[in-house]
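Inside the fold
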Amino acid sequence: MASAETQPRFGQSVKGLLSDKVGSCSGDVIALTRQVLKGSRSQELLGQAARNMVIQEDAILHSEDSLRKMSIITTHLQYQQEAIQKNVEHSKNLQDQLRHLLK
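The paragraphs below set out a description of the structure included in this document. (Residues numbered from 1 in each chain as written. Predicted model: local features only at pLDDT ≥ 70, side-chain atom pairs only at ≥ 80, totals over all residues. Heavy atoms only, no water.)

1. Digging into the overall build of the protein chain
Helix and strand counts for the protein chain come out as one helix and zero strands. Residue burial in the protein chain is summarised as follows: out of 103 residues, 0% are buried. Counting every atom, the protein chain has about 9700 Å² of accessible surface; 62% of that belongs to carbon and sulfur. (Helix = DSSP H or I, 4+ residues; strand = E, 2+ residues; numbered from the N terminus. Buried < 20%, exposed > 50% of the residue type's maximum accessible area, 1.4 Å probe, protein only. Areas by Shrake-Rupley, 256 points an atom, 1.4 Å probe, with all protein chains shown as cover.)

Here is the structure:
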């Protein structure tokens, strides 16, 4: 009789262990699913960051090109300013000469 009583207990304990294992495996599957989803989201974020970097790189290259053009324009404007100043000086000299002639 002792073995008859032991058998149901053994069966119940196996069922309990099996139930615990199934619960544990279910928890592991849920945790794994969360990690996969988290990894997927991380991949999406990394992809978006890479696309943003490409956009920023293009903007930086465009800005660099614009700065180079502005530098050239500034140099030309400086030459024009110097030429205008020389012409103003020359104009003053001509005015002085005209005044002297008209006296």
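Having seen the structure, we can now continue with the description.
2. Remarks on the pattern of salt bridges
Close approach of charged atoms allows side chains with opposite charge to pair. Applying the stated criterion to the full structure yields four salt bridges. Note that R41 and E44 form a salt bridge whose closest N and O atoms lie 3.3 Å from each other. Taken as a pair, R41 and E44 lie in helix 1 (residues 2–102) at a separation of three residues, close to a single helical turn. Judged by relative accessible area, R41 falls into the partly exposed class, the value being 46%. For E44, a relative accessible area of 46% puts it in the partly exposed group. (Salt bridge = Lys/Arg side-chain N within 4 Å of Asp/Glu carboxyl O.)

3. Overview of a nonpolar patch on the surface
Side chains of L98, L101 and L102 sit close together on the surface and give an oily, nonpolar patch of about 390 Å² of accessible area. Take L101: it is sitting in helix 1. Residue class for L101 comes out exposed when judged on its relative accessible area of 69%. (Patch = residues over 30% accessible without salt bridge, like charges linked within 9 Å, V, L, I, M, F, W, Y side chains within 5 Å.)

Any functional reading would require information that these geometric values do not contain.
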